[in-house]
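Summary of the model geometry
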Amino acid sequence: MCRLFGMTTGGPRVHATFWLLDAVDSLRSQSRRMPDGTGLGWFSLGEEPVRDRAPIAAYEDADFNSEARTVVSHTFISHVRYASTGVPDVHNSHPFVMDDRLFAHNGVVKGLDVLDSWLTDVDRAQIRGQTDSELVFAYITAEIRRQGDTTSGLIAAVRRIAAELPVYALNVLLAESRRMWALRYPGTHRLWALRHELTEPGEGRRLDAGREPGRLKVAAHRERAASCVLASERLDDDPDWRLLAPGELLVVDGPDTSSMHPFDAPAHVLTVDDLSAAESTSQT
């Protein structure tokens, strides 16, 4: 199955290098089993979503490996893809961007012709690929617009999908600047959360009192930042990783984290036997 990664500090800008490249089970390592696409998304200094995607495995993607070491942001979403719907193509690689939000999905949703009928031409305008994931995101985005609130819109969209469409798994990460939503639904695939305190190098502090001009001493210092990390697999052996419950929606808003369970079980639950050969292979 595809693998999700998300991290937010809610404020301080940090690197995500350890989780993406250096952890025991980093996203780069996982991509050796998930070869069909790579993407990394973050928020710029102007608080705009930025993403870089490629239809190749992360361990082969020079841009992914470079950006994982150099990009600093308060919020990240990354994804390595094992294709179930839509061929390996940059437009089918996650994360997707709509209305200044980043989105990535792990799972399978069917009935896409019905889902498409729920969208207006305006809703469809931002779709570029052929995946169930991007179509789901377009509908979530439309519901957020209608509801006027991200949490309410996400809940409304998932409730309707669960009531009317066949669902195998709908694990999602949705991010706005400094905020993230993580959903494990229903319970087919795992999604883990970790509250983690990391130390980042600061910009340095000038110690120039009494010194000659041009001979300034810079004292390095370290800045501490608490982050919430979300992942399809535990990325290291930290015992504090917590498995989200089936149907749990985790909302991370700055330093505050809230958990809710607003969903009933899907009305039309798919099993592996209901999936195509490609879908079944991608979900194991």
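Residues numbered from 1 in each chain as written. Predicted model: local features only at pLDDT ≥ 70, side-chain atom pairs only at ≥ 80, totals over all residues. Heavy atoms only, no water.

In the structure shown here, the tally under the stated rule is 15 salt bridges. Where arginine 145 meets aspartate 99, a salt bridge forms, and the shortest distance between an N and an O atom there is 2.9 Å. Within this pair, whereas arginine 145 is found in helix H6 (residues 132-147), its partner aspartate 99 is found in the loop between strand E5 (96-98) and strand E6 (101-109), the two being separated by 46 residues in sequence. Of the residues examined, aspartate 99 reaches a relative accessible area of 30% and is grouped as partly exposed. In this structure, arginine 145 and aspartate 123 form a salt bridge, with 3.0 Å as the shortest nitrogen-oxygen distance. (Salt bridge = Lys/Arg side-chain N within 4 Å of Asp/Glu carboxyl O. Helix = DSSP H or I, 4+ residues; strand = E, 2+ residues; numbered from the N terminus. Buried < 20%, exposed > 50% of the residue type's maximum accessible area, 1.4 Å probe, protein only.)

Let us look at the packing of aromatic side chains. Throughout the structure, instances matching the rule amount to 5 aromatic pairs. Ring geometry for phenylalanine 18 versus tryptophan 19: centroids 4.8 Å apart, planes at 75°, classification edge-to-face. Aromatic pair phenylalanine 103 and phenylalanine 137: ring centres 4.5 Å apart, planes at 5°, arrangement stacked. Here phenylalanine 137 lies in helix H6 and phenylalanine 103 lies in strand E6, a separation of 34 residues in the sequence. Residue class for phenylalanine 103 comes out buried when judged on its relative accessible area of 0%. (Phe/Tyr/Trp six-rings, centres within 6.5 Å; stacked < 30°, edge-to-face > 60°.)

Turning our eyes to something else, we now look at the side chain of serine 232. Within the secondary structure, serine 232 is located in the loop between strand E12 (222-231) and strand E13 (242-243). On the basis of relative accessible area, serine 232 is assigned to the buried category, the value being 3%.

Packing of H6 against helix H7 (residues 150-164) brings their axes to within 7 Å, and their N-to-C directions diverge by 130°. Between H6 and H7, the angle is such that the two are oblique. In the packing of H6 onto H7, the handedness of the crossing is right-handed. Counted together, Val136, Tyr139, Ile140, Glu143, Ile144 and Gln147 of H6 and Thr150, Ser152, Gly153, Leu154, Ala156, Ala157, Arg160 and Ile161 of H7 form the full contact between these two elements. For the contact of H6 with H7, the class distribution of residues is 8 nonpolar, 4 polar and 2 charged. (Axes fitted to C-alpha atoms, helices over the stretch in contact; angles between N-to-C directions. Parallel < 35°, antiparallel > 145°, perpendicular 65-115°, else oblique. Left-handed = near helix turned anticlockwise from the far one by under 90°. Contact = heavy atoms within 4.5 Å. Nonpolar A, V, L, I, M, F, W, Y, C, P; charged D, E, K, R; others polar.)

It is worth spelling out unusual backbone geometry at this point. Residue proline 95 follows histidine 94 across a cis peptide bond; omega there is 0°. Mapped onto the secondary structure, proline 95 falls in the loop between strand E4 (75-81) and E5. Note that the residue after tyrosine 185, namely proline 186, is joined by a cis bond; omega there is -10°. Here proline 186 shows up in the loop between strand E8 (179-183) and strand E9 (192-201). Residue aspartate 100 is not a glycine yet carries a positive backbone phi of 65°. Looking at the secondary structure, you find aspartate 100 in the loop between E5 and E6.

Considering the arrangement of structural elements, one finds glycine 111 in the loop between E6 and helix H4 (112-117). It is 8.7 Å that separates the C-alpha atoms of glycine 111 and glutamate 164, two residues lying 53 residues apart in sequence. Discounting chain neighbours no more than four positions away, the residues touching glycine 111 are Leu165 and Pro166.

Here we take up the pairing of E4. Summarising burial for E4: 7 of the 7 residues are buried, a large majority. Here strand E1 (residues 3-8) pairs with E4 via 6 bridges, running antiparallel. For phenylalanine 5, the partnering residue across the bridge sits in E4 and is serine 78. Looking at chain direction, strand E2 (residues 37-43) and E4 are connected through 6 bridges and run antiparallel. Within E4, the residue paired with glycine 41 across the bridge is isoleucine 77. (Pairing = 2+ DSSP bridges.)

What follows covers the side chain of glutamate 233. Here glutamate 233 shows up in the loop between E12 and E13. Using a relative accessible area of 16% as the deciding quantity, one classes glutamate 233 as buried. Once residues lying within four places of it in the same chain are set aside, the contact partners of glutamate 233 are Arg3, Asp25, Gln30, Arg33 and Trp192.

In this structure, Phe103, Val136, Ile161, Leu170 and Leu249 are the most contacted members of the largest nonpolar core, which totals 31 residues. Residue assignment for this core shows that the elements contributing at least two residues are E5, E6, H6, H7, strand E7 (166-176), E8 and strand E14 (249-253). In terms of residues, this core owes the most to one element, H6, which gives 7 residues. Ignoring any residue separated from it by four or fewer positions in sequence, one finds isoleucine 161 in contact with Val109, Trp118, Val136, Tyr139, Val167 and Leu170. If you look at the next biggest cluster of nonpolar residues, it comprises 25 residues, including Trp19, Trp42, Ala58 and Val229. (Core = buried A, V, L, I, M, F, W, Y, C linked by side-chain atoms within 4.5 Å.)

Another point: the confidence of the model for the chain. This prediction gives the chain a mean pLDDT of 88; 86% of its residues lie at or above 70. In this model residues 202-222 is a low-confidence stretch, pLDDT under 50, and it forms 23 contacts with partners more than four residues away in sequence or in other chains. (pLDDT = per-residue confidence, 0-100.)

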